[in-house]
Amino acid sequence: MSSHLSSSLLYKNHLVPAGFHSPSPSNRHFSRQITCLEMSCSSQTPFPTLKTVTISYTELKNKRADLSLKIEEGFGPSGLGILSITDVPGFPSLRRNLLRLSPRLASLPEEVKKELEDPHSRYNFGWSHGKEKLESGKPDLLKGSFYANPILDRPTTEASLIQRYPSYCGSNIWPDSALPELEVAFKALGKLIFDVGLILAYHCDRYVSKGVNMHEDEGLEKILLRSRCHKGRLLYYFPAQESNCTQDGDSISSWCGWHTDHASLTGLTCGMFMKDGVELPCPGSAAGLYIKTRTDQIVKAVFGEDDIAYQIGETTEILSRGYLCATPHCVQAPKGQKASGIDRSTFALFMQPDWDESLNFPEEVHIHKELISSSGALTFGEYTEKLLDKYYHSKT
Ligand SMILES: [Fe+2]
């Protein structure tokens, strides 16, 4: 199995068919959102633009507050699989601190970046560029990524585990002398998104527990709290060349292909655009995150620059018996003359169960049925191996 496949599956899963219909609380919220925002959609995108459901940090941190309605609206079967948290203290400056380092990392000399690569983890730690494939099958040279675990530098010292699960159990690689600020900024932002994500997970568990009888230890919050393999990804989208500007925009997935997140919960920052190191507003209103709903409608999802957005991954969808839902999504690059020379930086935190976490899959599952129902209890590490096997028919 080649390196890009592992990253693609773990962090940009392109493999999952969209559009299953899970047992649902209701679909009233989604139809309402589409109707009321349709009229305001930009002339540059033929798709409706929707604001994500938001929860303020003050509401979120009140553990006695019942946020079930908002959780259902954002993450439930009729939601977009995304919601955002506003007014998180310290977040805007931590976001800026890290995203401003992204072009500096990408412009380090090639030999320095080579030192930051980790082929053994299939480029799931350190620097990765051109190791994944675009939907066309060509190597993805549009963006560079830097992966690290912001919580633990070395999740295990056990050689057999590192060999078996290199993308989870490997160690961080930091550019200690070339860009020493990166480690501090990456860990600070990653830890904040993780901490806020844990509180959100607590409220998700409360919502799910209304419909599903679940032991406290099996909830999303506890699974994430126990895990040693969360992964941050700093993404740098190289500036478009003038010559590409008119031809690259045909597809709405021009920057990042259609995929559904594989793990539990993904924390996301709003992208930052820069030209020669100076921050700029987004150069085109069609650029950004697109989501496919369960009724196969495509919508552009927007959230505030200072908000942290969270998306549900497939593993959570399965474990929550469909009460929390993952949606396929992609990213469109800005088009045209105005986009020329402008880069984009963003950060995602993939929160996922520990490789050793025994997953209590329900008897009836609607995705990856054949992997789960025949296997009894699986750990998250084993489940990921089966997914890789299923799609690539080979093991390394
Ligand atoms: Fe994603």
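From a predicted model like this one, the values you see are computed outputs, not experimental measurements.

## Some words on the overall build of the protein chain
From N to C terminus, the protein chain includes 14 helices and 17 strands. Look at the contacts in the protein chain between residues 6 or more apart in sequence, and 79% of them connect residues 24 or more apart.

## As for the pairing of strand β12 (residues 298–302)
Pairing geometry for strand β1 (residues 49–51) and β12, over three bridges, is parallel. When the sheet's bridge partners are listed, Lys51 is paired in β12 with Val302. Two elements, strand β11 (residues 288–292) and β12, share four bridges in a ladder whose sense is antiparallel. Pairing of Leu289 across the sheet is with Ala301, part of β12. The turn linking β11 back onto β12 is made up of five residues, and Asp296 within it adopts a positive phi angle of 65°.

## Points about the nonpolar core
By size, the foremost hydrophobic cluster in this structure holds 81 residues, and its most contacted members are Leu98, Leu189, Cys204 and Ile308. In terms of residues, this core owes the most to one element, helix α10 (residues 181–209), which gives 13 residues. Those residues in contact with Leu189, other than ones at most four positions away along the chain, are Leu94, Arg95, Leu98 and Phe347.

## Considering the sheet that holds β1
Sheets are built from strands that pair by backbone hydrogen bonding, the pairs being arranged parallel or antiparallel. Taken in spatial order, the five strands line up as β1-β12-β11-β14-β7 in an open sheet, and their pairing is mixed. Across the chains shown, the open sheet's two edge strands, defined by having one partner strand only, are β1 and β7 (256–259). This sheet shows a mean twist of 35° between the axes of neighbouring strands, independent of strand direction.

## Focus: the packing of helix α5 (residues 91–99) against α10
Helix-helix packing is characterised by the crossing angle of the two axes and by the distance between the axes. One way to put it is that α5 packs onto α10 with a least axis distance of 9 Å and a crossing angle of 140°. Judged by the angle between their axes, α5 and α10 are oblique. The handedness of the crossing between α5 and α10 is left-handed. Of the residues in α10, those touching α5 at Phe91, Leu94, Arg95, Asn97 and Leu98 are Ala185, Phe186, Ala188, Leu189 and Leu192. Split by residue class, the contact of α5 with α10 holds eight nonpolar, one polar and one charged.

## Some words on the confidence of the model for the protein chain
Per-residue confidence for the protein chain averages 84 on the pLDDT scale, and 84% of its residues sit at or above 70. Counted against residues more than four places away or in other chains, residues 1–9, with its pLDDT under 50, gives 31 contacts. Scored below 50 in pLDDT, residues 11–43 makes 57 contacts in the model with residues more than four places away or belonging to other chains.

## Quick notes on the environment of Ile151
Along the chain, the position of Ile151 falls in the loop between β5 (143–148) and α8 (159–164). What makes Ile151 partly exposed here is the crowd of 18 C-beta atoms within 10 Å. For the pair Ile151 and Phe194, spaced 43 residues apart in sequence, the C-alpha to C-alpha distance is 8.7 Å. The contacts of Ile151, once residues within four sequence positions are left out, are Lys191, Phe194 and His230.

Parameters at a glance
- Residues numbered from 1 in each chain as written.
- Predicted model: local features only at pLDDT ≥ 70, side-chain atom pairs only at ≥ 80, totals over all residues.
- Helix = DSSP H or I, 4+ residues; strand = E, 2+ residues; numbered from the N terminus.
- Contact = placed C-beta atoms within 7 Å.
- Pairing = 2+ DSSP bridges.
- Core = buried A, V, L, I, M, F, W, Y, C linked by C-beta atoms within 7 Å.
- Buried ≥ 20, exposed ≤ 12 C-beta atoms within 10 Å, placed from the backbone.
- Axes fitted to C-alpha atoms, helices over the stretch in contact; angles between N-to-C directions.
- Parallel < 35°, antiparallel > 145°, perpendicular 65-115°, else oblique.
- Left-handed = near helix turned anticlockwise from the far one by under 90°.
- Nonpolar A, V, L, I, M, F, W, Y, C, P; charged D, E, K, R; others polar.
- pLDDT = per-residue confidence, 0-100.

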